[in-house]
Every structure is written in C-alpha cells, then in structure tokens.
Amino acid sequence: MLQDPTIRVPIAISLGAIAGALCRYYLTVWSVQRFGISFPYGVFLINLSGCFLMGFLATLFVDQPTSPEIRLMLTTGFLGAYTTFSTYGLDTLNLLRTQNFSAASFYWLGSAVLGVGFVQLGAMLARIGK
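Rules of the game
Residues numbered from 1 in each chain as written. Predicted model: local features only at pLDDT ≥ 70, side-chain atom pairs only at ≥ 80, totals over all residues. Heavy atoms only, no water. UniProt positions renumbered as here; feature names shortened; annotations may be inferred. Helix = DSSP H or I, 4+ residues; strand = E, 2+ residues; numbered from the N terminus. Phe/Tyr/Trp six-rings, centres within 6.5 Å; stacked < 30°, edge-to-face > 60°.

In the annotation of an unreviewed UniProt entry, the entry for the protein reads Fluoride-specific ion channel FluC, and the organism field reads Phormidesmis priestleyi ULC007. Per UniProt, the protein carries the Subcellular location (unreviewed entry) text "Cell membrane". Under the UniProt heading Function (unreviewed entry), the entry covering the protein gives this text: "Fluoride-specific ion channel. Important for reducing fluoride concentration in the cell, thus reducing its toxicity."

A. Looking closely at the UniProt feature "transmembrane region" (unreviewed entry) in the protein. In the numbering adopted here, UniProt assigns the feature "transmembrane region" (unreviewed entry) to residues 7–27, 39–60, 72–90 and 105–126. Counting secondary structure, residues 39–60 comes out at 91% helix and 0% strand; the distance between its end C-alpha atoms is 33 Å.

B. Summary view of the packing of aromatic side chains. Scanning the entire structure with this criterion turns up nine aromatic pairs. Plain terms: the ring middles of Tyr25 and Tyr26 are 5.0 Å apart, the flat faces sit at 70° to each other, and that makes the pair edge-to-face. Ring pairing ties together the aromatic residues Trp30, Phe35, Phe39, Tyr41 and Phe44, which thus form one cluster.

Next comes the structure, spelled out in structure tokens:
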C-alpha cells in the first residue's frame, strides 16, 4: 500500500505541511515576543528564509536528483505551509532566467499590488450587510 505513489505523495506533502505550519506559527510567536508588533517581523523573516530555502532546495534537487516524495514534502508541503512567498520568488526568478522580462515584471509587481488590492476587496465584501 505504501509503495503506491498515489498514497505516498499526499502523505509526504501532508507531513511536510504539518512541520511548515508549525514552524511558521512558532516563529511568528517568537518574533512578536522578541520584537513586538510594530512591524510584521515574523512574516518578513519567514518570507526571506522561505525564499532562501526554496532557492537552495530547487538548486540542490536539480544538481542531486531526489525522490519525488522528498522533493514534494520539502517544497510543496513544508515551504507551501511555511510560506508561498518562496514559490513567488522562484517563479519570478524562472521568468527572469528565460528573459521573459515583461512577464516577470507583471508577475512580480502584479502579485504584490493586486494581492494587496484583493485583500482590501475581500475585507470590503466581508463588511457588506453588517
């Protein structure tokens, strides 16, 4: 049963996601206790460390082939629960590497600007009818 990839892959992703979510939570709690709430230090640290880890792992997995379960556990599972900002960074870098500068610029700026806009839109829609 555990030899079946349709079972192994979701289990690997789930285990990574549990660890990533817990690391995100505890690092956020630690940063609030350490630095206060005047700036989102925890999210900032999580995003930067997640980007570093994504770059490291993506390069490592190209240079040293690894099982799909390990790759997915660490990237989709752990980093996906830890921060999706790392995937945003990797996707932007991949667009830049292919010299698709207009797509890279749109993705990079559009995600940030439109993301904030959509947070505001969601907040406004949640308040309708209150």
